[in-house]
Amino acid sequence: MNKAFVKEADDTGTGHCPRCGSLGTPVGAETLAAQLTPDARQGLADAAFFCPFARCPVAYFDSFERAVEADRLAVAVYPKDPQAPICGCFGFTVEEIEQDIRDGGVERVKGLLARSKGREADCTRRSPSGQCCIAEVQRYYMKHKERGST
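Just so we're clear, the structure is a prediction, and the values are computed from it rather than from any experiment.

Calculation notes
Within each chain, residue numbers correspond to sequence positions counted from 1 in written order. Side-chain atom pairs in this predicted model are given and counted only at pLDDT of 80 or more, local residue features only at pLDDT of at least 70, and totals for whole chains, interfaces and linings cover all residues. Hydrogens are left out, water is left out, and the side-chain values use all remaining heavy atoms of the structure. Comment: elements are numbered from the N terminus, with helices defined as DSSP H or I runs of at least four residues and strands as E runs of at least two. When accessible area is computed with a 1.4 Å probe and restricted to protein chains, residues below 20% of their type maximum are described as buried, those above 50% as exposed, and intermediate ones as partly exposed. To be clear on the numbers: accessible area is Shrake-Rupley with a 1.4 Å probe, and residue cover counts the displayed protein chains and nothing else. Two strands qualify as a pair provided that DSSP identifies no fewer than 2 bridges between them. Note on geometry: axes are lines fitted to C-alpha atoms, helical ones only across the stretch in contact, with angles between N-to-C directions running from 0 to 180 degrees. If an angle is under 35 degrees, it is roughly parallel; if it is over 145, roughly antiparallel; if it lies from 65 to 115, roughly perpendicular; otherwise it is oblique. The contact definition used throughout considers only heavy atoms, calling two residues in contact when any of these lie within 4.5 Å. We call Asp, Glu, Lys and Arg charged. Ala, Val, Leu, Ile, Met, Phe, Trp, Tyr, Cys and Pro are nonpolar, and the rest, Gly among them, are polar. Aromatic pairs are defined between Phe, Tyr and Trp rings, using the six-membered ring for Trp, whenever the two ring centres lie within 6.5 Å; interplanar angles under 30 degrees are classed as stacked, those over 60 as edge-to-face, and all others as tilted. To estimate how far a helix should reach, multiply one less than its number of residues by 1.5 Å. As used here, the term nonpolar core means buried Ala, Val, Leu, Ile, Met, Phe, Trp, Tyr and Cys residues forming a set that is joined through side-chain atoms within 4.5 Å.

A. Expanded view of the overall build of the protein chain. When helices and strands are counted, the protein chain shows six helices and four strands. Overall, the protein chain shows an N-to-C arrangement of helices and strands of β-α-α-β-β-β-α-α-α-α. Expressed as a percentage of the 150 residues in the protein chain, the buried residues total 37%. Surface accessibility of the protein chain: about 8900 Å² in total, with carbon and sulfur atoms responsible for 51%.

Below, the structure written as structure tokens:
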């Protein structure tokens, strides 16, 4: 095939969701294999991106704008499903963060932080973004604490 008619992959390491335009988080084959059913995994490049925008139906996409929607994932994931655990490794939920806010402390969040540094953490496979959840937990905590509501 003439190269003029083939779209080149984006080699900058960044990608924007073909549906909502959000900047995606790069993920590797190990994350995709753990998060997607084999059927959903077909046709998606080994290097892809996770769309972090909660209201976008796309979960993963690649540089060729091929996409897999969140309803095709092996399990529900946060933020696509707000009821899913915010931490895929330990099942930590937003309700636990909200309880810390109501209690005026950070005991549960501190416990998660300690556990996330341990050997049981398997963020590459259990997190939809392939990354540790701590930054997302901290953002959620600060956002809701500043609002003064849960």
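B. Here's a closer look at the sheet that holds strand β3 (residues 58–61). Pairing is antiparallel in the open sheet, where four strands are placed in the order β1-β2-β3-β4. If you trace the sheet from one side to the other, it starts and ends with β1 (25–27) and β4 (67–69), each paired once. The average undirected angle you get between the axes of adjacent strands in this sheet is 30°.

C. Main features of the packing of helix α3 (residues 94–103) against helix α4 (residues 107–116). Packing of α3 against α4 leaves a shortest axis separation of 7 Å and a crossing angle of 135°. One element, α3, and the other, α4, form an angle in the oblique class. Contacts between α3 and α4 involve Glu96, Ile97, Gln99, Asp100 and Asp103 on the former and, on the latter, Glu107, Arg108 and Val109. Its residues placed into classes, the contact of α3 with α4 shows two nonpolar, one polar and five charged.

D. Quick look at the environment of Leu36. Checked against the element boundaries, Leu36 lands in the loop between α1 (29–35) and α2 (38–41). For Leu36, the residues in contact, after removing those within four places along its chain, are Arg41, Leu44, Tyr60, Val68, Leu73 and Ala74.

E. Summary view of the packing of aromatic side chains. Going through the model one piece at a time under the given rule, you end up with two aromatic pairs. Measuring from ring centre to ring centre gives 5.3 Å for Phe49 and Phe61, while their planes differ by 20°; the resulting arrangement is stacked. Pair noted here: Phe49 is in strand β2 (residues 48–50) and Phe61 is in strand β3, with a separation of twelve residues, a long-range link. As far as burial versus exposure is concerned, Phe49 and Phe61 are alike and both buried.

F. Main features of helix α6 (residues 134–147). Spanning 14 residues, α6 covers 20 Å between terminal C-alpha atoms, matching the ideal 20 Å at 1.5 Å per step. Phi for Gly148, located one or two positions after α6, is positive at around 75°.

G. Spotlight on the pairing of β3. In this sheet, β3 lies alongside β2 in antiparallel orientation, the contact comprising two bridges. Bridged to Phe50 within β3 is Tyr60. Strand direction decides the pairing type here: β3 and β4, joined by three bridges, are antiparallel. Looking at β4, one finds that Phe61 is bridged to Ala67. Taking the residues that link successive antiparallel strands as the turn, the β3-β4 hairpin has five residues, and the phi of Glu65 there is positive, at about 65°.

H. Seen up close, the nonpolar core. Grouped together as the largest cluster of nonpolar side chains are 17 residues, with contacts concentrated most on Ile86, Cys87, Phe92, Ile97, Leu112 and Val137. Counting only elements with at least two residues in this core, the list comes to α3, α4 and α6. Once residues within four sequence positions are removed from consideration, Ile86 is found in contact with Tyr78, Phe92, Thr93, Val94, Ile97, Cys133, Glu136, Val137 and Tyr140. By size, the runner-up hydrophobic cluster in this structure holds twelve residues, among which are Leu36, Leu44, Phe50 and Tyr60.

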